[in-house]
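A look at the structure
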Amino acid sequence: MAPRDPPTTSLAGKTAIVTGANIGIGLATALYLASLSCKVILACRTQSKGEAAIQEIKKEHPDAQVELVSLDLQSLSSVRKLVEDWEKRQDNKLDLLICNAGATFVDYARTGDGFEQSYQTNYLSHFLLIRLMTPYLCLSPSPRVILVNSNAASWGKVSIDNLNAEAIPESSWKGLSRFKTGMQVYGNTKLMGLLFMAHYQKLLLESSNPEDHKIAIQAVHPGMVASNMPNANHYNIPKFIGTIVDKAIKLVGRSTATGAKPTLYAALSDEAGQKENWGSFWDENCIKKDIPNEARNDQQLILDLWKQTCKDAGLPEQLS
């Protein structure tokens, strides 16, 4: 089954931020939005890669409105700086916030903020970005937030006392075990993202600020995408193994343009814009599905996760 095509209606006058937009489905998403006359802000960690992405977009769409801003998801101060700079813009309305960036790690490390790198990169920093950008989303008549997530959430586990994976034995991060461990931690962070998505949608709709009621937040699974896979050196494995894995993924994986379709469908389609579909998870074929983990029914866990994440992000639990 092929994913449904996103709408082709003009997005002139609309503004989107796409994190991790210099490669893969992030770049494909930015290209598509730019083709519909949307002003696209590429939020990237490496300036040279972001500039290369702008050149690629301009090559295909010479009149594209595209800008580059700095965003390092392993730094909460970088997230805050992006928002501070956004506040100073003459037109700081935001119509689409697409949280696309993410990573899988096979070693244990802490960020400069003291958090486990998967937890901060895949979850905490986007949590902070979404919360802080909410006032600017409220300036749009029909704002949407999209979290690029994964079916890896199906094997995810959330323990409030172990969000930073401290309880995982050091030996699990060594040898071949580190791949299994890295994927488990990745799944954990993706589950956190889905639980946050559903809970934040509920809070927005219940907010005392009626402007919050306009914001739709969705999550998507892009499927297995054959794009920019980390090389063997990244995972510290023999080159020939990395080559085999890379070729296998490219053989069975979908193109970046196809992988971006669930994101674009959730961001642009009338179906995803219907209020009864807000706070939903869309699969690789753009079909609405339940969050693929029974933790979706654990209201106490969801509330505890919200409280701890607010604490880690330095934000109040109550929406302002």
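The present account deals with the structure reproduced in this document. (Residues numbered from 1 in each chain as written. Predicted model: local features only at pLDDT ≥ 70, side-chain atom pairs only at ≥ 80, totals over all residues. Heavy atoms only, no water.)

Quick look at the overall build of the protein now. Of the regular secondary structure elements, the protein holds 11 helices and eight strands. A compact globule built from 320 residues should have a C-alpha radius of gyration of about 20 Å, and the protein, at 19 Å, falls within 12% of that. In terms of overall dimensions, the protein has a C-alpha envelope of 50 × 45 × 40 Å along the principal axes. Looking at the 320 residues of the protein, the share that counts as buried comes to 52%. (Helix = DSSP H or I, 4+ residues; strand = E, 2+ residues; numbered from the N terminus. Rg over C-alpha atoms; globule rule 2.2 N^0.38 Å. Buried < 20%, exposed > 50% of the residue type's maximum accessible area, 1.4 Å probe, protein only.)

As enumerated under the stated definition, the model contains 11 aromatic pairs in all. Aromatic pair Tyr 119 and Tyr 123: ring centres 5.7 Å apart, planes at 50°, arrangement tilted. Pair noted here: Tyr 119 and Tyr 123 are both in helix H4 (residues 117–137), with a separation of four residues, about one helical turn. The exposure class of Tyr 119 is buried, given its relative accessible area of 0%. (Phe/Tyr/Trp six-rings, centres within 6.5 Å; stacked < 30°, edge-to-face > 60°.)

On to the pairing of strand E2 (residues 39–44), then. With five of six residues buried, E2 is to be regarded as a mostly interior element. In this sheet, E2 lies alongside strand E1 (residues 15–19) in parallel orientation, the contact comprising five bridges. Looking at E2, one finds that Ile 17 is bridged to Ile 41. Taken together, E1, helix H1 (residues 24–35) and E2 form a β-α-β motif whose crossover is right-handed. (Pairing = 2+ DSSP bridges. Right-handed = clockwise from strand over helix to strand, strands pointing away.)

It is the contact of helix H3 (residues 76–87) with H4, at a shortest axis distance of 10 Å, that shows an interaxial angle of 20°. With respect to their mutual orientation, H3 and H4 come out roughly parallel. Remark: the crossing between H3 and H4 carries right-handed chirality. Contacts between H3 and H4 involve Leu 76, Val 79, Arg 80, Leu 82, Val 83, Trp 86 and Glu 87 on the former and, on the latter, Gln 120, Leu 124, Ser 125, Leu 128, Leu 129, Leu 132, Met 133 and Tyr 136. For the contact of H3 with H4, the per-class residue count stands at 11 nonpolar, two polar and two charged. (Axes fitted to C-alpha atoms, helices over the stretch in contact; angles between N-to-C directions. Parallel < 35°, antiparallel > 145°, perpendicular 65-115°, else oblique. Left-handed = near helix turned anticlockwise from the far one by under 90°. Contact = heavy atoms within 4.5 Å. Nonpolar A, V, L, I, M, F, W, Y, C, P; charged D, E, K, R; others polar.)

Here we come to helix H2 (residues 47–60). Helix length check: H2 (14 residues) gives 20 Å between terminal C-alpha atoms against 20 Å at 1.5 Å per residue, within 8%. All buried positions along H2 are accounted for by Gly 50, Ala 53, Ile 54 and Ile 57. The arc that holds the buried residues of H2, viewed along the axis, is 100°, so those residues lie on one side. Exposed residues lying more than 90 degrees from the buried face of H2 are Gln 55 and Lys 59. Buried residues belonging to H2 abut H1, E2 and strand E3 (66–70). (Expected span 1.5 Å × (residues − 1). Arc of directions from axis to C-beta.)

Under the definition given, this model contains 11 salt bridges. In this structure, Glu 67 engages Arg 89 in a salt bridge whose closest nitrogen and oxygen atoms are separated by 3.1 Å. A residue pair is termed long-range when its members are at least 10 positions apart, and Glu 67 in strand E3 and Arg 89 in the loop between H3 and strand E4 (96–99) qualify at 22 residues. Taking the shortest distance from any N to any O, the salt bridge between Asp 85 and Lys 81 comes out at 2.7 Å. Of the two residues, Asp 85 and Lys 81 both sit in helix H3, four residues apart, roughly one turn of that helix. (Salt bridge = Lys/Arg side-chain N within 4 Å of Asp/Glu carboxyl O.)

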